[in-house]
Number of protein chains: 2
Amino acid sequence: MKSYGEFCALARALDVIGDRWTMLIVRELLIGPSRYSDLTRALPGIATNLLAQRLRTLEETGVVASSEEPAPVSARVYFLTEWGLGLQRSLVELARWGAPLMAAGAGDDHNRGRWLVFAIMALYPEAAALPTQARFPTLTARIDADGDSLLLVSGSTGVRASVTNSDESAEVTIAGTSEQVFALLSGGCADTPARITGSADALRRLSELTSTALTAGHDPADLPA
Amino acid sequence: MKSYGEFCALARALDVIGDRWTMLIVRELLIGPSRYSDLTRALPGIATNLLAQRLRTLEETGVVASSEEPAPVSARVYFLTEWGLGLQRSLVELARWGAPLMAAGAGDDHNRGRWLVFAIMALYPEAAALPTQARFPTLTARIDADGDSLLLVSGSTGVRASVTNSDESAEVTIAGTSEQVFALLSGGCADTPARITGSADALRRLSELTSTALTAGHDPADLPA
DNA sequence: CTGCATCCGCTTCGATACTG
DNA sequence: CAGTATCGAAGCGGATGCAG
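This is a predicted model, so every value here is computed, not measured.

Q: With reference to specific residues and values, describe the overall build of chain A.
A: Counting secondary structure elements, chain A contains nine helices and eight strands. Relative to the globule expectation of 17 Å for 225 residues, the C-alpha radius of gyration of chain A, 19 Å, shows essentially globular dimensions. In terms of principal-axis extent, the alpha carbons of chain A reach across some 50 × 45 × 35 Å. For chain A, with 225 residues in total, the buried portion stands at 50%. Within chain A, contacts between residues at least 6 apart in sequence are counted, and of these 59% link residues at least 24 apart. A total of about 10,400 Å² of accessible surface is found on chain A, and carbon and sulfur atoms cover 52% of it. Across chain A, the centroid of the 19 positively charged side chains sits 4 Å from that of the 26 negatively charged ones.

Now the structure itself:
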């Protein structure tokens, strides 16, 4: 893309990551290091030449780096540099703004369970942003949605989620489409069609957690102390 | 722009504001309500038809609204809706990531003093993010840069800046190019070419303030007191 | 003068095919 | 698997025109 040519922090940031697809590539690399083919699968509709060009530009600007493993299988892995990792706050904040747009449902859009990692970061504020008394309940949850498996860990320091490839279980297991899981996590839906299993106590803590989601109620209800 | 067609909060946000120029239009409206011609002047290089189309789209999606004043002079004013105002955190966070790119200087880029409003929001964290002991010094400063006049107000709750058209003075007056003012505000430059006037005590508080800038350099040089 | 719409050359995007 | 090559379609940038 052509530079905006403005001496402005936002414009300069957009000169680097403002191109179409670029922020979504960064999103994928924030979820985890990826190979080229992983990215093509995670970004339905991207043209292969565009992905190649974006990755080249991102490497030139120092946002992304890659490691070539000429080992048994050729495996070039792309990952964010330290500077690129600094984009997490920005992109999560954007996702937080866009999260209400998810309430309309998935429609004909593509679904990936891994994108819930981002949705979870957007739905639950950092613990530092909470009132002193408020705390997230301690809970581990396994989420199986649209082919991806996620591990959600909630504790006093906040809520974290990551993709996992292990099939170990957690206190709660949630299975469904990512649309169903999102509706559940965003705090509505007592009658969710997602399939949830776990002990009564764990389910209670899950309910406690989802009630703190940022897009949950318009009224700033207090968290249970 | 074509929708990404992804059931993802970030992708849906970018469906609304991901187009070229769109975030910069929102930036201008975050700085303050603007007329069409204000926007063309504040966005050097934008094609007039593009601006018109972006504004139309932003109105359709509910980010921007406009009021027609069929008064003496025709004056349609564009401003952000409540939802659009919610973009401030996201864009400031992006600007915060991009701020280090300003250290290289302005080069041939266009300059506008008003963009410093955004730079200031990026450079100084919200007071809530500060350690309990740390506090911004109380200070008012007037900034004259590249044809725009800004009023900076620092207090225990944080640092705020806005464009002003009055010519009243403040405790400190800073004049120079936006490049010079940015260098000063980002905490480096003991020997800034910007012209600073004010009482010795006010200058000391200015120095105290700039030393808290997020990109505050490797060497926290003090300002001349 | 402000607030656009129209037209045109050029770049970029999207889709598919092809190669090391 | 990890890209490059190609080509029609869409979008952008710049100039101009024009109505209120």
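That was the structure; now back to the text.
Q: How would you sum up the protein's contact with DNA strand C? Please name residues and give values.
A: Close to DNA strand C lie 18 residues, the nearest being Arg20 and Arg54 of chain A together with Ser37, Thr48 and Tyr78 of chain B. For DNA strand C, the fraction of protein-proximal atoms (within 4 Å) that sit in sugar or phosphate groups is 61%. A distance of 2.5 Å is found between a phosphate oxygen of DNA strand C and a side-chain nitrogen or oxygen belonging to Arg54 of chain A. Interatomic distance of 2.8 Å between a backbone N/O atom of Ser37 of chain B and a phosphate oxygen of DNA strand C. Residue assignment for the surface near DNA strand C shows that the elements contributing at least two residues are helix H4 (48-61) of chain A together with helix H3 (36-42), helix H4 (48-61) and strand S3 (75-80) of chain B. Taken together, the residues of the surface near DNA strand C break down into six nonpolar, six polar and six charged.

Q: Please provide a residue-by-residue account of the relation of the copies chain A and chain B, values included.
A: Here chain A sits on chain B after a turn of 180° about the axis and a move of 0.0 Å along it, with an RMSD of 0.1 Å. Here the transformation between the copies is reduced to the relation of a two-fold axis. Among all C-alpha atoms of chain A, that of Ser90 of chain A lies closest to the rotation axis, at 2.9 Å.

Q: Would you mind going over the sheet that holds strand S7 (residues 172-176) of chain B in detail, with residue names and values included?
A: All names here are of chain B. Across the sheet, which stays open at both edges, the five strands sit in the order S6-S5-S4-S7-S8 with mixed pairing between neighbours. Two strands in the sheet have a free side with no partner beyond their single neighbour: strand S6 (158-163) and strand S8 (195-198). Each strand of the sheet is rotated relative to its neighbour by a mean of 15°, with strand direction disregarded. Bridging between strand S5 (residues 148-155) and S6 involves six bridges; their strand directions are antiparallel. Considered in S6, the bridge of Leu152 is made with Ala161. Sitting on the sheet, helix H7 (residues 115-123) is in contact with strand S4 (139-145), S5 and S6, with an inclination near 170° to S6.

Q: Could you give an account of the protein's contact with DNA strand D, naming the residues involved and the relevant values?
A: Of all residues adjacent to DNA strand D, which total 18 residues, the nearest are Ser37 and Tyr78 of chain A together with Arg20, Trp21 and Arg54 of chain B. Sugar plus phosphate: this is where 67% of the atoms of DNA strand D within 4 Å of the protein reside. In the environment of DNA strand D, a phosphate oxygen lies 2.5 Å from a nitrogen or oxygen atom belonging to the side chain of Tyr78 of chain A. Put simply, the parts of the chain that give the surface near DNA strand D at least two residues each are helix H3 (36-42), H4 and strand S3 (75-80) of chain A together with H4 of chain B.

Q: Could you give me a rundown of the nonpolar core, with the residues and numbers involved?
A: Residues Ile143 of chain A together with Ile143 of chain B are the most contacted members of the largest nonpolar core, which totals 137 residues. Once residues within four sequence positions are removed from consideration, Ile143 of chain B is found in contact with Leu116, Ile120, Asp148, Ser149, Leu150, Leu152, Ile174, Val181 and Leu185 of chain B.

Q: Give a detailed account of the environment of Val181 of chain B, specifying residues and quantitative values.
A: Residue and element names in this part refer to chain B. Examined against the element boundaries, Val181 turns out to sit in helix H8 (residues 178-185). Of the residues examined, Val181 reaches a relative accessible area of 0% and is grouped as buried. A C-alpha to C-alpha distance of 8.3 Å links Val181 and Leu116, two positions 65 residues apart in sequence. With sequence-adjacent residues up to four places away left out, Val181 is seen in contact with Leu116, Ile143, Ala145, Ile174 and Gly176.

Q: Please give an account of the side chain of Ser178 of chain B that cites residues and values.
A: Topologically, Ser178 of chain B is positioned in helix H8. On the basis of relative accessible area, Ser178 of chain B is assigned to the buried category, the value being 1%. Within the structure, Ser178 of chain B has its side chain in polar contact with the side chain of Asp146 of chain B (distance 2.5 Å). Here Ser178 of chain B is in contact with Phe7 of chain A together with Asn111, Arg112, Leu116, Ala145 and Asp146 of chain B, once residues within four sequence places are set aside.

Q: Describe the interface of chain A and chain B, with residues and values.
A: Each partner contributes to the interface: chain A provides 49 residues, whereas chain B provides 49 residues. Counting the surface lost from both chain A and chain B, the interface buries some 4,800 Å², and carbon and sulfur atoms represent 68% of this. In terms of surface lost to chain B, no three residues of chain A exceed Phe7, Leu10 and Trp97 of chain A, which account for 20% of the buried area on that side. Inspection of the region where chain A meets chain B yields four salt bridges.

The rules behind the values
Residues numbered from 1 in each chain as written. Chains lettered and ligands numbered in written order. Predicted model: local features only at pLDDT ≥ 70, side-chain atom pairs only at ≥ 80, totals over all residues. Heavy atoms only, no water. Helix = DSSP H or I, 4+ residues; strand = E, 2+ residues; numbered from the N terminus. Rg over C-alpha atoms; globule rule 2.2 N^0.38 Å. Buried < 20%, exposed > 50% of the residue type's maximum accessible area, 1.4 Å probe, protein only. Contact = heavy atoms within 4.5 Å. Areas by Shrake-Rupley, 256 points an atom, 1.4 Å probe, with all protein chains shown as cover. Lys, Arg positive; Asp, Glu negative; His and termini not counted. Charge placed at Lys NZ, Arg CZ, Asp CG, Glu CD. Near = heavy atom within 4 Å. Polar contact = N/O pair within 3.5 Å; in protein donor to acceptor, adjacent residues only side chain to side chain. Nonpolar A, V, L, I, M, F, W, Y, C, P; charged D, E, K, R; others polar. Least-squares fit on C-alpha atoms with pLDDT ≥ 70 in both. Pairing = 2+ DSSP bridges. Axes fitted to C-alpha atoms, helices over the stretch in contact; angles between N-to-C directions. Core = buried A, V, L, I, M, F, W, Y, C linked by side-chain atoms within 4.5 Å. Buried area = accessible area lost by both parts, 1.4 Å probe. Salt bridge = Lys/Arg side-chain N within 4 Å of Asp/Glu carboxyl O.

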